[in-house]
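Remarks on the overall topology
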Amino acid sequence: MHGVMLRSKAAAAALLLVGLVGVEARQAGVQRFDRPQPGARSPRNANYDIDVTLDHAARSLTGRETIRWRNISANPTSELQFHLYWNAWRNLDSTWLRERRLAGDSTPPRADAWGSIDVTRLRVRRPARTDGSFGGIRTNPSFAVQTEGLNGESNTGWIDLTSEQRFLAPDDGNAEDRTVMGVPLPFAVQPQETLDVELAWTGKIPRPFARTGYVDDYYFIAQWFPKLGVLEDRGWNTHQFHRVTEFYSDYGVYDVRITAPREFVVGATGCRASLTPEPPVACAEGIVWLGNNYPQNTHRYWAADVHDFAWTASTRFIDVRRMFEHPGLPRVEMRLLLQPEHAGQETRHFDATAATLRYYGEWFGPYPYNHITIVDPAFQSGSGGMEYPTLFTAGSRLIAPSRVPQPESVTIHEAGHQFWYGIVGSNEFEHAWMDEGLNTFSTARVIDEAGSPDRLALRFFGGFIPWVIEDVRLSRATDGNRLTGYRDNAEADVQATPTFRYWPGTATFITYNKTALWLHTLERHLGWPVLQRIMSTYFDRWKFRHPQPADFFAVVSEVAGRDMSWFFDEAYRSSNVFDYGVQSFTSTRVRLKPDTTSEVRLTPDAVQSASEGTKEPNGYRTVVVVRRFGEAVFPVDVVTTFRDGARVTERWDGRDRRIIYTYDRPSEGLSVEVDPERVLLLDVNYTNNSATLELRAGDASLKWSLKWLVWLQDLMLTYAFFV
Amino acid sequence: MTVPAWRDGLRRVFRAPAVVAGVFAFTLFAALPLALALRGALEAHMGRSLMADAAAEAVNYDWWQEFASQASGLATTFSPAIVGFAATLDNLSSVLDAEPEVLPITAALAAYLVAWTFLSGGILDRLARQRPTRTFGFFGASGVFFWRFLRLSVIAGLVYWFLFSYVHAWLLDEGFRRLTRDVAVERDAFLWRIALYMVFGACLVAANITFDYARIRLVVEDRRSALGALRAALRFVGRHPRTVIGLYALNALVFFVLLGVWSLVAPGAGPVGGLMWVGFVVAQLYLLARIVLKLQFIASQTALFQASMAHAAYTAAPAPVWPESPAVEAIAGVSSTTLR
């Protein structure tokens, strides 16, 4: 025994050591040189200097950008790969539109709905200095490129590669898809070497697709510029644009000048920044006044340590600002661009955003920027509910009852994405659950913690008229984590499958819902303090970097102090369904043995030998059969309650197909519950988790069938209009 | 003439309590079988689960969603929309938005409307005569007029089918989409929708009024031809548009007032026990009020028609006043198929 214990301890220590080493190795990330630049939060290896002009009449953009890119991977590269997202809506043959048809939407876009992006010029150059430090590309005199490349005054070092563009389809081989562009380089860019890339392009703004586009005089412009893919140690990670995935890119500084007609109010990623070093010029509020006769304004926005840039413009925005302040957290200026018809909903937007900044900040880590922009999207813009660094779109309605969590729910969710997606830059093509799932879980927690509205509303008459069902309160555990959607699609895909390969019609349920449910299960299994430490450790370790799933799982095991791979084998690496339930529950009169005390659990053999004799029964034999109906395994508690008030709790590892508990007691069994605390939120059928001898189904069904009867009578009388 | 006809109609309805009670009982018992079937499905799903406890005492939305996940056919209609005033909104919205019902409900509705068609003859006859007709008289009239009403219903069915299949699609599907395609303000889109509802509603009301008076003329004038009654109804409406529409509008106003009151008092989920039954009785009172209102539509329109056509009573022979008399129409060379 002692020898066994010693060997067990040694094995445990070895396991822990291997685990820690493994954790350390995994902490290296997908890019060898992904540490922050001095004085910065992120590697800042993809910096964009962009000029763009919005042509409102033509619904188009004309842009020019200079990218200063540094290879932070472990290997050299002789090509560049870019995302040209808007080509997903160029024609019906793109991968995005093909997948939309697969998901059941085969309505072709109207003639004026298409979008596209064309690169009209592309050239590269190795800059004179490659110290890799951040500096304003425009004004830093150490870079010779400013006065030369952009104005074409000198061609020193620039190599024109416009004609070398080719389109790639690394995911599905679709030769018609033009959302990934590759450009071979005449030289190799070594690790840590910097390259300047200059592009000019035109973009046709689509009617709303994937939260991008215009309606009337409202524009939401996202994924609008040629964007470099991510060069990882294993090579370029540049996926095609899929219907069910979002984006992935490197961190850097964005210095963007947006020229739009004067009457437009513009909002964008970034704003005032008080980072060190200071930006070269004042940003955001730096509207360049071109004189009274000029019909346009140029808005300059600057953002550091972000991996994307989106902007919006509308003639109708109401611009409102408030300050977020909370002890222990940095101040953040909140800017709300509100639709006039939602006037009066300002406080709801600000309160929801503030709740996010507060609770995410307390639980995971402080929001590092001093600004955030909330965009209230225009009706039918299709741009609601989406996140971009330091800017996000919410979504409300003309009639938004105060007891219903709209706009709170979407506001908290999208604000939360600043943390999961914005700051922790996971790959949304391959592991969308790492931002959407974590964020769905976090959102539900904030809504619950902040006491946000929690009633259900149904919408009638074309969706315009809401009616609040006061009796239905949405719960964090099941509604917030979206159990219903998961239940109906639990086996759709193995979550470990790269997201872009999920079935388009059900991807959301695996990405958002399943992750939130297993996270909440972990919370109940490990306790919130442990899970909070897990998430804050993960946030702190992977902020401004690109984590992989293994990195998250490693943090879980590390902080939990035990190997949790068994859980992720079930929840993440398989599509098996969790379903534990009561197969049978009986309590029959028996003659108890003389030495039977109040708590006797009999083994199968003892059940056979217990004598009932011919004497009067003086007790009860309660038999509980619990079954694992699903294929996934999770330990569960089984609690049997007796009429005398006693409760017996058993802990079952859940591995066998069933387990039988038998009790001989003076008191009759009353009820049995499997997982009464509902730790296993992934259980798709909770109704079968319990059984009672005091049936209430008759009462409940009577009550609800009477309600339904009234509904049917009402319906009949409504149709009586026609006779 | 509008208000007097309205008052006269109300008087006729309250003087026919057996009709009111009969229609109420008929509606209740028409819906009961399906309610019993649903009860069975609910009870079977809950089984011996403790989830039934919360469902009995309040709303167990978790269980509700689990039930919905496995529901099919009739059971799919068991949704939060059945609670309180949401049920009324749901039903009105589904008609105005032309949302189809599931097959068991559709079948039940069809049977209900056929039964209404049968009973309508007896109801109209009783309200027109303004005196008790006894059970045999009521059902005798129902039988007499049933086939005529059925023929009229075929025409009405075609008209309503056209309205819902084509006019509704033109207005509220394609039309709404086209009109609001570039609308970025929800209020504007909402106003468009209201306007289109009003246009479609006007079409429905126009058809409804016409068929109502066709039924009235079938019974009051004992016409044989459904087409003839329809043409006669069109003539009548065409000659008395203000009073006809005014009376309809007055009844519709009462309907909206009733809905408003119901929205305030409609019971929620509540627990089992005494409160459950109180809530059920309150709901039945609301439904009773709707039945009274439905009968009021019929009675007041009948009163208006009889007053307009100078019928002193149901059996009184009309004075030969040009051009409002069937006798006059007969001698004026109108097609014989329109007359008795």
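Use the structure listed above.
So, a few notes on the structure that sits alongside this text. (Residues numbered from 1 in each chain as written. Chains lettered and ligands numbered in written order. Predicted model: local features only at pLDDT ≥ 70, side-chain atom pairs only at ≥ 80, totals over all residues. Heavy atoms only, no water.)

**Considerations on the overall build of chain B**
We count it as follows: Think of it this way: any DSSP run of H or I at least four residues long counts as a helix, any run of E at least two long counts as a strand, and we number them from the N terminus. Relative accessibility thresholds used throughout: buried, under 20% of the residue-type maximum; exposed, over 50%; partly exposed, between the two (1.4 Å probe, protein chains only). Two residues qualify as a contact provided that any one of their heavy atoms is within 4.5 Å of a heavy atom in the partner residue. To measure how exposed things are, a 1.4 Å probe is used in the Shrake-Rupley method; for residues, cover is taken only from the protein chains shown.
Scanning chain B from terminus to terminus reveals twelve helices and zero strands. Shown N-terminal to C-terminal, the secondary structure of chain B runs as helices and strands in the order α-α-α-α-α-α-α-α-α-α-α-α. If you line up chain B on its principal axes, its C-alpha atoms span 75 × 55 × 35 Å. Counting across all 340 residues of chain B, residues that qualify as buried make up 53%. Relative to all contacts within chain B whose residues are 6 or more apart in sequence, the contacts with residues 24 or more apart total 73%. Of the roughly 14,700 Å² of accessible surface on chain B, 71% is carried by carbon and sulfur atoms.

**Re the interface of chain B and chain A**
Filter applied, for reference: The quantity reported as buried area is the accessible area (1.4 Å probe) lost by two parts once they are put together, taken as the sum for both. Salt bridges, as used here, are contacts in which a Lys or Arg side-chain nitrogen is within 4 Å of a carboxyl oxygen on Asp or Glu. Charged means Asp, Glu, Lys or Arg here, nonpolar means Ala, Val, Leu, Ile, Met, Phe, Trp, Tyr, Cys or Pro, and polar covers whatever is left, Gly included.
Across the boundary between the two partners, chain B contributes 97 residues, which contact 76 residues of chain A. Taken over both partners, the interface formed by chain B and chain A buries close to 8,200 Å², and the fraction arising from carbon and sulfur atoms is 66%. Our count for the contact surface shared by chain B and chain A stands at eight salt bridges. Where D714 of chain A meets R290 of chain B, a salt bridge forms, and the shortest distance between an N and an O atom there is 3.1 Å. Counting residues per element, the side of chain B that touches chain A draws most heavily on helix α2 (residues 17-46) of chain B, at 13 residues. Of the residues belonging to the side of chain B that touches chain A, the class tally is 60 nonpolar, 18 polar and 19 charged.

**With respect to helix α7 (residues 134-180) of chain B**
Basically, it comes down to this: Given the number of residues in a helix, its expected span is that number minus one, multiplied by 1.5 Å. The quantity called bend is, for any residue, the angle between two axes fitted respectively to the seven residues ending at it and the seven beginning at it.
Over its 47 residues, α7 of chain B runs only 56 Å from end to end, short of the ideal 69 Å by more than 12%, given 1.5 Å per residue. Within α7 of chain B, the axis deviates most sharply at A169 of chain B, by approximately 50°.

**A look at the packing of aromatic side chains**
Spelled out, the test is: Pairing of aromatic rings covers Phe, Tyr and Trp, the last counted by its six-membered ring, and requires centre-to-centre distances within 6.5 Å; plane angles under 30 degrees mean stacked, over 60 mean edge-to-face, and any other angle means tilted.
According to the stated counting rule, one finds 85 aromatic pairs over all chains in the structure shown. Both rings, one in W433 of chain A and one in F553 of chain A, keep their centres 5.7 Å apart while their planes meet at 10°; by these two values the pair is stacked. Of this pair, W433 of chain A sits in helix α5 (residues 433-449) while F553 of chain A is found in helix α10 (residues 549-560), placing the two residues 120 residues apart along the sequence. Of the two residues examined, W433 of chain A and F553 of chain A, each falls in the buried class. Judged by centre distance (5.1 Å) and plane angle (80°), the rings of F138 of chain B and F139 of chain B are edge-to-face. Owing to a relative accessible area of 14%, F138 of chain B belongs among the buried residues under this scheme. Looking at F139 of chain B, the relative accessible area reads 40%, which means it is partly exposed.

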